[in-house]
Amino acid sequence: MLILGIESSCDETAAAVVEDGRRILSNLIASQVSVHRPYGGVVPELASRQHLAHIGPVVRRALDEAGVDLSRIDAVAVTQGPGLIGSLLVGLCFGKSIAFARGVPLLAVDHLEGHIRAAYMERPESEPIPHPAISLVVSGGHTGLYLMSEEARYHLLGKTRDDAAGEAYDKVAKRLGLGYPGGPVLDRLAGHGDPKAIPLPVAKISDGSHDFSFSGLKTAVLRAVRERNIEPLAEGEDPMARRDILDLAAGFQKAVVEALVATTGRVTRRSKARAILVSGGVAANSWLRSEFGRLGAQLGVPVVLPSISLSTDNAAMIAAAGYLKYLRKEFSGLDLNAEVELRLGEGPVRRSQRHL
Ligand code: KG4
Ligand code: ZN
């Protein structure tokens with residue numbers, strides 16, 4: 001069965017056609033990065049307007065590339081939230097219209113569940129992910145750690161108390177004059193720096209919770225910039241010639257990844273989880289990928305990371321999450337509304353999970 005996935009929660013307008021929740025026939029993204037770059041972050045109103053301009057053409061191209069027309073689509077999956085309200089509404093209305101016109105089910109998807117499903121999509125069917133599993137979602141808007149006692153059952157164990165991991169990357173990059181989004185460029189530069197040259201604290205919370213906090217680390221980076229008189233990169237300047245920026249990038253990246261690995265490792269041990277999943281835009285990070293690989297080897301559990309193109313926002317993951325809803329017949333009505341703050345896995349705590 002074919003699902004048309006639509007994603008518009010932040011600054012990417014994306015559409016995909018996915019067969020049986022796994023086989024990607026097309027997966028297209030209209031990026032707005034160049035529109036938001038001059039502002040160093042996403043400007044919500046500009047994002048909504050860009051979605052409006054792009055949604056039609058992107059869906060058209062996704063269908064063309066998949067070699068199908070609308071009459072072949074069995075259901076429409078669309079991101080309901082969390083995200084920017086104006087952005088969400090564009091994708092939601094467009095998805096509703098198609099479902100209405102075609103008379104097919106409308107499937108409302110939680111963006112974070114979409115990120116988690118990205119980890120399942122590429123896994124060979126002969127090697128299902130064992131459960132219980134721990135799933136870490138690290139993106140520009142969210143940092144959450146989930147226990148999955150079984151597939152598609154989520155229990156939130158911890159989240160960030162302030163900045164999301166990707167947000168910290170973006171803010172630090174902005175301060176260093178590295179542009180937006182900050183993750184990919186800091187990732188590239190960090191590989192050439194010395195993480196020990198500028199000491200930074202690991203972003204730890206020591207009250208026994210499994211929450212994260214990145215604003216202290218971000219402040220420490222900004223303090224180091226001030227104290228060491230580190231100038232932001234000037235226009236046209238080669239960052240590879242800036243030892244101070246390379247070292248700061250390396251130290252920052254090491255501290256972020258160390259915090260993510262330490263907490264994920266701890267809950268994996270305590271819950272006796274049999275797999276670790278890491279997804280979301282920051283899961284594209286090269287140091288994160290290698291450090292989680294090491295953690296998996298240490299704990300003797302598989303670490304499942306989506307490929308880079310499925311780590312960052314895309315609509316194939318939305319179609320994949322929609323497929324689960326389709327199988328469970330969880331269809332939405334045409335009165336479906338956008339939810340800025342959907343809360344995946346924040347239901348009541350079961351007794352077996354309290355000790356975690
Ligand atoms: O999941 P995503 O595409 O959008 C949200 O749902 O937020 O994540 C975007 C975030 C941005 O903050 C971006 O800087 C970060 O992911 N990111 C990275 C890398 N690639 C993207 N962070 C670190 N290293 C990367 N290679
Ligand atoms: Zn995302």
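Residues numbered from 1 in each chain as written. Chains lettered and ligands numbered in written order. Predicted model: local features only at pLDDT ≥ 70, side-chain atom pairs only at ≥ 80, totals over all residues. Heavy atoms only, no water.

Engineer: Just to check I follow, could you spell out the side chain of Ser-8 for this structure?
Structural biologist: Mapped onto the secondary structure, Ser-8 falls in the loop between strand 1 (2-7) and strand 2 (12-19). In terms of polar contacts, Ser-8 uses its side chain to reach the backbone carbonyl oxygen of Ser-87, at 2.7 Å. Of note is the side chain of Ser-8, whose polar atom sits 3.2 Å from the backbone nitrogen of Gly-91. Not counting residues within four places of it along the chain, the set of residues in contact with Ser-8 comprises His-51, Ser-87, Leu-88, Val-90 and Gly-91. (Helix = DSSP H or I, 4+ residues; strand = E, 2+ residues; numbered from the N terminus. Polar contact = N/O pair within 3.5 Å; in protein donor to acceptor, adjacent residues only side chain to side chain. Contact = heavy atoms within 4.5 Å.)

Engineer: Would you explain the coordination of the zinc ion (ligand 2) in this entry?
Structural biologist: In an ideal octahedron of six donors the angles at the metal are 90 or 180 degrees, and in an ideal tetrahedron of four donors they are 109.5 degrees. Within the protein, the atoms that donate to the zinc ion (ligand 2) are His-111 (NE2), His-115 (NE2) and Asp-313 (OD), at distances of 2.0 to 2.1 Å. Between consecutive donors of the zinc ion (ligand 2), the numbers of intervening residues give the motif H-x3-H-x197-D. You can see His-111 sitting in helix 4 (residues 111-121) and its partner Asp-313 sitting in the loop between helix 10 (308-311) and helix 11 (316-327), a full 202 residues away along the chain. Of the residues examined, His-111 reaches a relative accessible area of 5% and is grouped as buried. (Donors = N, O, S within 2.8 Å, 3.2 Å for Na, K, Ca; no water. Buried < 20%, exposed > 50% of the residue type's maximum accessible area, 1.4 Å probe, protein only.)

Engineer: Looking at this structure, how should I read the packing of helix 5 (residues 165-175) against helix 6 (residues 182-190)?
Structural biologist: For the pair helix 5 and helix 6, the least separation of the axes is 8 Å and the interaxial angle reads 75 degrees. Our classification of the angle between helix 5 and helix 6 gives roughly perpendicular. Where helix 5 approaches helix 6, its residues Tyr-169, Asp-170, Val-172 and Ala-173 are matched on the opposing element by Gly-182, Gly-183 and Leu-186. Considering only residue class, the contact of helix 5 with helix 6 consists of four nonpolar, two polar and one charged. (Axes fitted to C-alpha atoms, helices over the stretch in contact; angles between N-to-C directions. Parallel < 35°, antiparallel > 145°, perpendicular 65-115°, else oblique. Nonpolar A, V, L, I, M, F, W, Y, C, P; charged D, E, K, R; others polar.)

Engineer: Explain the pairing of strand 9 (residues 275-279) here, please?
Structural biologist: The side chains of a regular strand alternate between both faces of the sheet. Counting buried positions along strand 9 gives five out of five residues, so the element sits mostly inside the fold. The side-chain alternation of strand 9 yields two buried faces, one formed by Ala-275, Leu-277 and Ser-279 and the other by Ile-276 and Val-278. Two elements, strand 6 (residues 133-138) and strand 9, share five bridges in a ladder whose sense is parallel. Within the sheet, the bridge partner assigned to Ser-135 lies in strand 9 and is Leu-277. In the sheet, strand 9 pairs with strand 10 (residues 303-304) via two bridges, with the strands oriented parallel. Across the sheet, the residue bridging to Leu-277 is Val-304, located in strand 10. (Pairing = 2+ DSSP bridges.)

Engineer: Explain the site of ligand 1 here, please?
Structural biologist: Around ligand 1 there are 20 residues in total, and Gly-140, Asp-170, Asp-187, Asn-285 and Asp-313 lie nearest to it. One nitrogen or oxygen atom from the side chain of His-115 is found 3.1 Å from an oxygen atom belonging to ligand 1. Between ligand 1 and Asn-285 there is a distance of 2.9 Å, counted from a nitrogen atom to a side-chain nitrogen or oxygen. Taking 550 Å² as the accessible area of ligand 1 by itself, protein coverage stands at 89%. Contributions of two or more residues to the shell around ligand 1 are made by helix 4, helix 5 and helix 6. Sort the elements by how many residues they give to the shell around ligand 1 and helix 6 lands first, with four residues. The residue inventory of the shell around ligand 1, partitioned by class, reads five nonpolar, twelve polar and three charged. (Near = heavy atom within 4 Å. Areas by Shrake-Rupley, 256 points an atom, 1.4 Å probe, with all protein chains shown as cover.)

Engineer: What am I meant to see in the pairing of strand 1 here?
Structural biologist: Counted residue by residue, strand 1 has six buried out of six residues, so it is predominantly covered. A two-sided burial pattern is seen for strand 1, the buried positions comprising Leu-2, Leu-4 and Ile-6 on one face and Ile-3, Gly-5 and Glu-7 on the other. Of the pairings in the sheet, the one linking strand 1 to strand 2 comprises six bridges and is antiparallel in character. Its bridge partner lying in strand 2, Glu-7 is registered against Ala-14. Here strand 1 folds back onto strand 2, and the loop between the two strands holds four residues. Looking at chain direction, strand 1 and strand 4 (residues 75-81) are connected through four bridges and run parallel. Looking at the pairing, Leu-4 lines up with Val-76 of strand 4.

Engineer: Is there a simple way to explain the sheet that holds strand 8 (residues 155-159) in this structure?
Structural biologist: Strand pairing within a sheet occurs via backbone hydrogen bonds; the two strands may be parallel or antiparallel. Taken together, the five strands give an open sheet; going across it, the order is 8-7-6-9-10, and neighbouring strands pair in mixed fashion. The open sheet has two edge strands, strand 8 and strand 10, and neither has a second partner. In this structure, strand 6 lies alongside strand 7 (residues 143-148), joined through six bridges in antiparallel fashion. Residue Ser-135 lies in a different strand from strand 7, and its bridge partner there is Tyr-146.

As far as function goes, none of this settles anything; it's purely spatial.
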